[in-house]
Amino acid sequence: ARAMGHRGMMEGSSRGGRRRRRCLACAALCAALLLSTVGPSAVLMSVPQDDTRSRTRGLWGFNSAWELFKLHVAGSACYLSCIVEEQCTCQREIAVVQEVRQLFEESRRKKAGLGIGAAAGRAAPNAEETAAAAQLEGLAPLAIKIEVCNGLINQRIALLEGIALGVILGAQVLLPVHMPFNGVELPKQPTRTMDRNLQRLERMFDLDALQAGATELYRDHWCKRSDEPASKTWCHGFQRPALLYGNATEAMEDAISILGRKRRNVLSLQWGAGAKSEALSVLEAAQREFYAGVANLGGDAGSPHVLLDLGCTLFSLAVDETTESWSIFWRLHRHLKHEPDVREQAAAVKAHLASLGVAAQEKAATFGFAAPPLEGGAPGYNVLHLRAEEDWQHHCEAWMGLRDGYHRDNCMNNTMLVHNVLLSEGVHPGVPLYIATGLTRAELSAVRIEGPLGSPGLVGLQPLFELFTVALKEDVIDLHPSWATEQREFYAAVDYELAQGSRTFVGNSVSSFSAFIIIDRYRHSRPSLHYNGGNIPLAEDFVKPVKSLSVPTLRQPLKWVFALNVNNASDVSNTFWEMTKVAVISAKRQTDLVAVCVTTAPPTSPVAQWLVGHGVRVIYHRPTWADELVQRVESKVAEENMRSHLSLDPDAMLGTFLRIEVPVLGLLDEFVLYTDVDVMFTGHVDWDVILGQDKYSALRGSTDFARGKGLSGGGRAGEGGLPRYFSASSEMQKSRLPGMLNAGVMLLNMRALRESYDAFRHFIFSSSSLDWPAGPGDQGAYKTFYSETSVTWSWRKGRLTTCTPIASFLPFELNWKTYWPRNDFARIIHFHGPKCQSDIIPYKTRAEVTMPVFEDILEDCARNGDCYRLCEEFFSYLGGG
């Protein structure tokens, strides 16, 4: 420890002494393993990559066990694990270097004519060995052999990372001969006995194109590093192929097998999947030792070949946009093309999608959509990669159950609500939609997701087919009944080609297929999204862009959501509809909010068409409990008990209660701004306005729900900040007390409200009425259910139980009432109570009070309020809409 410069850290405590003794013991053990293998004259040395003189010394010239340990691990991950974490993890590096060293020691002795053991009396090579040696001339001095595993994209990543390792090390790469065409994984079944339907790699990929691109990359990479030993292989003299594949790989494997049995200048090393995270450090150790050995032998002549068998190289290299590995990986990706048969099948599907363009536009026009803008002179197509197959459901059950420190909560989200995701994210129904899936049309119409990750009561994806013009591969390709297993990866490649050419790609971010395409499209600034929300695991650790591709917690611009119940979908003249129009038009002119309407109106109704025509993203939804709610409002019990002026209007009550559905309709956002329809926007609304600039800046850097960061937080009742469940402002009097809140404008925590939705709905409909201690209707339900109960004692009243809503505070300017004094900083005007058409104007012009409950408010409005001016602004929007 003192030799490492850690005197202060280690000395002065018994704990430090114990740690020092353990590290020295570890060093001695590592050294003993080396010395017992290669003899006392040889010890291990780890040399800086840029120190050519030291590298040529290799393992020779050191006798001390401590020097061996110190020089090998100082400044490396091995050092950190041994000294800092007290867990030595160098064994694999040491074992590989031992083997390389032993091979060179034998070659050195042979070159000196000494011989060792049986080698001194070894017979001359036979014909088989002579032929194998000739075959070995095509192998680079240092080579790696790789395999692929799992599904198509994981196989692609394994190939790219394996070749990228070869580039970085200057090692030739032996590609696998075969690949599985059925990469399905069913955790609950014995997958080792499954028929993987192995096919030759060239059945999927154009390996000649990959060879040309990879060889050029090797040359470019190593010609810039002329002082490195590997540059002699790749930049000077005879240009070897970077890759061996097909018959060449098989012939080389046979030669290695023949020579390896007799230890004739070849070494094949292997390690299992558990070592993937150490692959680069182990290989670099082997590379350094290899070239040190070459130098000690006086050059390449007579040097042995070293082949490292890496197995499946999936996730064996950290591909990070901040490092060179990123450019190497994606340059190789550009040259890894599918073979012509895959591209021909994809071209046939593209032609079919092009033929659906007119039909898609005509269908979308009945919903109010204008024709989509052309892309490259054509409408193009969108792709949805939908994972709902049985193997995926099993995979998600296992994946979500892992407890490894990663946040896992989005594997199956929104699968049955994917049509709502597409609509709320602005995916145009006028563009044909190709569904990349392992399910047939009939299976998609009947699919259901059971169990804890399921969507109870939802069967089939019929709304998706009703709203979009959908195509599947079965519409074009004559599929064999077993296509989804025997040819699974071939048709996944067809889907991949289609996804690459789509206008917008939508996928499931937990799927490697979707995640890889999303990351690739990010590189080219092409639109994509993941319907399951949350994070993208592949982008977190394995193929990592600089920018997070997860759904941001504080997404900008905000979505503004409102709900509209339309009993008569053709009636566009009633008061609530006119207020809706003013809300939409004013939001469009004053803000950049993304308007989303949840409505019971049919897609082809005039109401829905008007909304779509004015840029509103419409979700068509009638709750399963709608009829029950209407019956309650119409009953005499409800009339007698309710304290709200809406109690006698079933349509209005259903419209306000629709808001409880918002969190479970498939919106990807962590927070949305909800308002009633009786509002008018008078200024910009964003996170700075809602939270304040300082708090927004602080939360933006410290909160990431997609990664599980900040989930347990939430502002205290009555305080600003992100809400635990929802934020709201005050009712009639300006007050920050949670008990005085008004639910006409709310900031909704979608994740928390979604998780509590079932309990909240049960609370509402298990009650005999729609009136609660905190008030009537949906507002009273929110304030009662989402509350904290406290008990106090009074000598007069005894035990007192108080329910305080768990609601954060929204600025008054976001729910400014018409009967309050004028406020030029107000952003949202709420026509709370009296409305312009039915109440305020009749009172102003005729002193007429249409509803007695509003008389005091109208008087306040006339004396101190701003309602008359605001109604003029209201009617100006209405006249221009």
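As the structure is a computational prediction, the values presented were derived from the model and not from experiment. (Residues numbered from 1 in each chain as written. Predicted model: local features only at pLDDT ≥ 70, side-chain atom pairs only at ≥ 80, totals over all residues. Heavy atoms only, no water.)

(A) Examining the overall build of the protein more closely. Helices and strands together make up the secondary structure of the protein, namely 36 helices and 28 strands. In the protein, which comprises 881 residues, the proportion classed as buried is 54%. Long-range contacts, defined here as pairs at least 24 residues apart, represent 74% of the contacts in the protein between residues at least 6 apart. Accessible surface for the protein amounts to roughly 37,100 Å². Of this, 51% is attributable to carbon and sulfur atoms. (Helix = DSSP H or I, 4+ residues; strand = E, 2+ residues; numbered from the N terminus. Buried < 20%, exposed > 50% of the residue type's maximum accessible area, 1.4 Å probe, protein only. Contact = heavy atoms within 4.5 Å. Areas by Shrake-Rupley, 256 points an atom, 1.4 Å probe, with all protein chains shown as cover.)

(B) Looking closely at the packing of aromatic side chains. All chains considered together, the criterion is met by 31 aromatic pairs. Their ring planes at 85° and their centres at 6.4 Å tell us that Tyr496 and Phe513 sit as a pair that is edge-to-face. Of this pair, Tyr496 sits in helix 21 (residues 488-500) while Phe513 sits in helix 22 (residues 512-523), and the two are 17 residues apart along the sequence. Both rings, one in Phe671 and one in Phe705, keep their centres 5.6 Å apart while their planes meet at 50°; by these two values the pair is tilted. Remark: Phe705 occurs in the loop between helix 30 (693-702) and strand 20 (726-730) and Phe671 occurs in strand 18 (residues 671-675); sequence separation between them is 34 residues. No difference in accessibility class separates Phe671 from Phe705, as the two residues are buried. Each member of the aromatic cluster is reached from another via a ring pair, and the members are Tyr725, Phe726, Phe760, Phe763, Trp772, Tyr782, Phe785 and Tyr786. Looking at Arg736, its charged tip hangs above the ring of Phe809, at a distance of 4.1 Å from the centre. (Phe/Tyr/Trp six-rings, centres within 6.5 Å; stacked < 30°, edge-to-face > 60°. Lys NZ or Arg CZ within 6 Å of the ring centre and 35° of its normal.)

(C) Summary view of the packing of helix 8 (residues 152-169) against helix 13 (residues 324-335). One way to put it is that helix 8 packs onto helix 13 with a least axis distance of 9 Å and a crossing angle of 120°. Taken together, the axis directions place helix 8 and helix 13 in an arrangement best described as oblique. Remark: the crossing between helix 8 and helix 13 carries right-handed chirality. Contacts between helix 8 and helix 13 pair Arg156, Ile157, Leu160, Glu161, Ile163, Ala164, Val167 and Ile168 from the former with Ile328, Phe329, Leu332 and His333 from the latter. For the contact of helix 8 with helix 13, a count of residues per class yields nine nonpolar, one polar and two charged. (Axes fitted to C-alpha atoms, helices over the stretch in contact; angles between N-to-C directions. Parallel < 35°, antiparallel > 145°, perpendicular 65-115°, else oblique. Left-handed = near helix turned anticlockwise from the far one by under 90°. Nonpolar A, V, L, I, M, F, W, Y, C, P; charged D, E, K, R; others polar.)

(D) Inspection of the packing of helix 24 (residues 575-590) against helix 25 (residues 606-613) at higher detail. Contact geometry of helix 24 with helix 25 gives a least axis separation of 11 Å together with a crossing angle of 10°. In this view, helix 24 runs roughly parallel relative to helix 25, as classed from their interaxial angle. The way helix 24 lies across helix 25 gives a crossing that is right-handed. Of helix 25, the residues touching helix 24 (which contributes Trp577, Thr580, Lys581, Val584 and Ile585) are Val607, Trp610 and Leu611. For the contact of helix 24 with helix 25, a count of residues per class yields six nonpolar, one polar and one charged.

(E) Unusual backbone geometry, seen in detail. Of note, the bond from Gln556 into Pro557 is cis; its omega dihedral lies within 30 degrees of zero at 5°. Relative to the helices and strands, Pro557 is located in the loop between strand 14 (543-544) and strand 15 (559-564). Unusually for a residue other than glycine, Asn150 sits at a positive phi of about 70°. Residue placement: Asn150 occurs in the loop between strand 1 (142-147) and helix 8. Judged by relative accessible area, Asn150 falls into the partly exposed class, the value being 26%. Residues other than glycine seldom take positive phi values, yet Asn414 does so here, at roughly 65°.

(F) Quick peek at the nonpolar core. Grouped together as the largest cluster of nonpolar side chains are 100 residues, with contacts concentrated most on Leu384, Leu464, Phe468, Trp560, Leu611, Trp687 and Ile690. For this core, the leading source of residues is helix 24, giving seven residues. Of all hydrophobic cores here, the second largest spans 90 residues; its members include Leu165, Val383, Trp483 and Ala515. (Core = buried A, V, L, I, M, F, W, Y, C linked by side-chain atoms within 4.5 Å.)

(G) Seen up close, the environment of Leu280. Note that Leu280 resides in helix 12 (residues 279-296). The spatial distance from the C-alpha of Leu280 to the C-alpha of Ser316 is 7.4 Å, given a sequence separation of 36 residues. The contacts of Leu280, once residues within four sequence positions are left out, are Leu165, Ile168, Ser316 and Leu317.

(H) Here's a closer look at the sheet that holds strand 17 (residues 617-620). Read from one edge to the other, the open sheet built from seven strands follows the order 17-16-15-18-21-20-26, with strand pairing classed as mixed. Bordering the open sheet on either side are strand 17 and strand 26 (807-809), each of which pairs with just one other strand. Sheet twist, expressed as the mean angle between neighbouring strand axes with direction ignored, is 30°. Across the sheet, helix 33 (residues 777-785) is in contact with strand 20 and strand 21 (741-749); its angle to strand 21 comes to roughly 60°. (Pairing = 2+ DSSP bridges.)

(I) View of the sheet that holds strand 28 (residues 828-830). Taken together, three strands build an open sheet; the order of strands is 19-28-27 and the sheet is mixed. Looking at strand neighbours, the two that pair on one side only are strand 19 (679-681) and strand 27 (816-817), the edges of this open sheet. Of the strand pairs in this sheet, strand 27 and strand 28 are connected by two bridges, and their pairing is parallel. What sits directly across from Lys817, in strand 28, is His830.

(J) Summary view of the side chain of Thr600. Along the chain, Thr600 turns up in the loop between strand 16 (594-599) and helix 25. Of the polar contacts made by the side chain of Thr600, one reaches the backbone nitrogen of Val566; its length is 3.1 Å. Ignoring any residue separated from it by four or fewer positions in sequence, one finds Thr600 in contact with Leu564, Asn565, Val566, His621, Arg622 and Leu658. (Polar contact = N/O pair within 3.5 Å; in protein donor to acceptor, adjacent residues only side chain to side chain.)

(K) Broad picture of the pairing of strand 7 (residues 305-312). Of all the eight residues making up strand 7, seven are buried; the element is thus mostly covered by neighbouring parts of the structure. With six bridges joining them, strand 1 and strand 7 adopt parallel strand pairing. Each bridged residue has a counterpart across the sheet, and for Ile144 the counterpart in strand 7 is Leu308.

(L) Layout of helix 34 (residues 836-846). For helix 34, the complete set of buried residues consists of Cys836, Gln837, Asp839, Ile840, Pro842 and Tyr843. In the stretch just after helix 34, Ala847 is the one whose phi turns positive, near 55°.

(M) Here's a closer look at the pattern of salt bridges. Applying the stated criterion to the full structure yields 36 salt bridges. Asp627 serves as the salt-bridge partner of Arg622, at 2.9 Å between the closest nitrogen and oxygen. On the basis of relative accessible area, Asp627 is assigned to the partly exposed category, the value being 46%. Asp676 is the partner of Arg659 in a salt bridge, and the nearest nitrogen-oxygen pair spans 2.8 Å. Note that Arg659 is positioned in the loop between helix 28 (650-657) and strand 18 and Asp676 in the loop between strand 18 and strand 19, a separation of 17 residues in sequence. Neither residue differs from the other here; Arg659 and Asp676 are each classed as buried. (Salt bridge = Lys/Arg side-chain N within 4 Å of Asp/Glu carboxyl O.)

(N) Looking closely at the pairing of strand 16. Burial analysis of strand 16 places six of its six residues in the buried class, the great majority of the element. Neither face of strand 16 is left uncovered, since the one carrying Val594, Val596 and Val598 and the one carrying Ala595, Cys597 and Thr599 both have all their residues buried. By the bridge criterion, six bridges tie strand 15 to strand 16 in an arrangement that is parallel. For Lys559, the partnering residue across the bridge sits in strand 16 and is Val594. As for the winding sense of the linkage, the β-α-β connection from strand 16 through helix 25 to strand 17 is right-handed. (Right-handed = clockwise from strand over helix to strand, strands pointing away.)

None of this, on its own, says anything about what the molecule does.
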